[in-house]
Amino acid sequence: MVKMDFEQARNRMVEHQIIARGISDPLVIKAMRKVPRHLFVDEGLRSRAYDDYPLPISYGQTISQPYIVALMTEALNLKGNEKFLEIGTGSGYQSAVLAEIVDTVYSVERIPGLAKKSREILDSLGYHNVIIKVGDGTYGWKDKAPFDGILVTAAAPSIPEPLLEQLKDGGRLIIPVGDVFSQDLILVVREGNRFKKSSYGGVRFVKLIGAFGWKEE
Ligand code: SAM
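Just so you know, these numbers come straight off a predicted model, no measurement behind them.

Caption draft 1: Looking closely at the nonpolar core. Grouped together as the largest cluster of nonpolar side chains are 52 residues, with contacts concentrated most on Ile23, Met32, Phe40, Tyr93 and Ile174. Elements with a contribution of two residues or more to this core: helix 1 (6-19), helix 2 (26-34), helix 3 (66-75), helix 4 (93-101), helix 5 (112-124), strand 5 (130-134) and strand 8 (183-191). When neighbours within four sequence positions are excluded, Tyr93 is seen to be in contact with Met13, Met32, Val35, Arg37, Phe40, Ile63 and Val69. Ranked by size, the runner-up nonpolar core spans 20 residues in total, among them Ile87, Phe147, Val152 and Ala156.

Caption draft 2: Looking closely at the pattern of salt bridges. Summed over all chains, the structure comprises 10 salt bridges. Residue Asp148 pairs with Lys168 through a salt bridge whose shortest N-O separation is 3.0 Å. One end of the pair, Asp148, is in strand 6 (residues 147-152); the other, Lys168, is in strand 7 (residues 167-178), with 20 residues separating them in the sequence. Taking the relative accessible area as the measure of exposure, Asp148 reaches 24% and is therefore partly exposed. What emerges from the salt-bridge pattern is a single network uniting Glu191, Arg194 and Lys196.

Caption draft 3: Looking closely at the pairing of strand 3 (residues 83-87). Most of strand 3 is tucked away, with four of its five residues classed as buried. The pairing of strand 3 with strand 4 (residues 104-109) spans five bridges and is parallel. By the bridge assignment, Glu86 is partnered in strand 4 with Ser107. In this region the chain leaves strand 3, passes through helix 4 and returns to the parallel neighbour strand 4; the handedness of that crossover is right-handed. Note that strand 3 and strand 6 share four bridges and pair parallel. Residue pairing for strand 6: Ile87 is matched across the bridge by Val152.

Caption draft 4: Inspection of the environment of Val206 at higher detail. Positionally, Val206 belongs in the segment after strand 9 (194-203). The exposure class of Val206 is partly exposed, given its relative accessible area of 25%. Beyond its immediate stretch of four places on either side in the chain, Val206 contacts Gly60, Gln61, Thr62, Ala154 and Ala155.

Caption draft 5: Examining the sheet that holds strand 5 more closely. In spatial order, the strands read 5-4-3-6-7-8-9; together these seven strands make up an open sheet with mixed pairing. A single partner strand is all that each edge strand has here, and the edge strands are strand 5 and strand 9. The average angle at which neighbouring strand axes cross in this sheet is 15 degrees, direction not considered. Pairing between strand 7 and strand 8: seven bridges, direction antiparallel.

Caption draft 6: Layout of the side chain of Glu86. Here Glu86 shows up in strand 3. Although buried, Glu86 forms no salt bridge, and the nearest oppositely charged side chain, Arg119, lies 9.9 Å from it. Separated by 2.7 Å, the side chains of Glu86 and Ser95 make a polar contact. Those residues within four positions of Glu86 in sequence are excluded, and the remaining contacts are Gln94, Ser95, Leu98, Val105, Tyr106, Ser107, Val108, Leu151 and Thr153.

About the thresholds
Residues numbered from 1 in each chain as written. Predicted model: local features only at pLDDT ≥ 70, side-chain atom pairs only at ≥ 80, totals over all residues. Heavy atoms only, no water. Core = buried A, V, L, I, M, F, W, Y, C linked by side-chain atoms within 4.5 Å. Buried < 20%, exposed > 50% of the residue type's maximum accessible area, 1.4 Å probe, protein only. Helix = DSSP H or I, 4+ residues; strand = E, 2+ residues; numbered from the N terminus. Contact = heavy atoms within 4.5 Å. Salt bridge = Lys/Arg side-chain N within 4 Å of Asp/Glu carboxyl O. Pairing = 2+ DSSP bridges. Right-handed = clockwise from strand over helix to strand, strands pointing away. Axes fitted to C-alpha atoms, helices over the stretch in contact; angles between N-to-C directions. Lys, Arg positive; Asp, Glu negative; His and termini not counted. Polar contact = N/O pair within 3.5 Å; in protein donor to acceptor, adjacent residues only side chain to side chain.

And the structure:
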């Protein structure tokens, strides 16, 4: 069997899926070039890790399409010194991309098995600035708030109130909002007690399940 050159595949992904589609933030591009996405998926899926779509991880969840990871990260306008909150650790890939850019990533995952698996891979790659907790991320992470930025990697019926409360003045929150079949990617920028919203287009994510999300079936 021919051995795949993952670094080459990753650079091709960045050129064709990320830069060609208009992502231009150098911090985001550098992070996407660096994080070894193939190590965040099961061994049998590694050859497809740099393809232009989401892939299954375990427990019926997904690792998001590379372009969507880049789009959401760029929308946050990160500078490098942020205290950041991610809801939905999943495979840990998006956490690693954020950890390449910001100071500290607090990440909440509701499925213990995914939190454990992502912790292992993030540790093995030296991402010790990602702090993971198991729980319902729709409550945010009150003890560590306020946050400079918040990213939600699962689809919500509406924006969870605790996340708005835990956003710093001037901070940014990005979240898919809609029904279970399709959502709008919404960017919220906090200005005092005002929350300015704009849309980054249509997406499809798995459900955000929790007190301020969808009910578990
Ligand atoms: N960013 C991830 C990655 O790079 O692999 C993809 C995350 S996946 C699309 C969405 C994740 O959100 C799943 O792992 C799911 O278990 C998690 N999730 C759903 N509802 C949640 C909640 N209320 N709190 C925390 N995690 C939640």
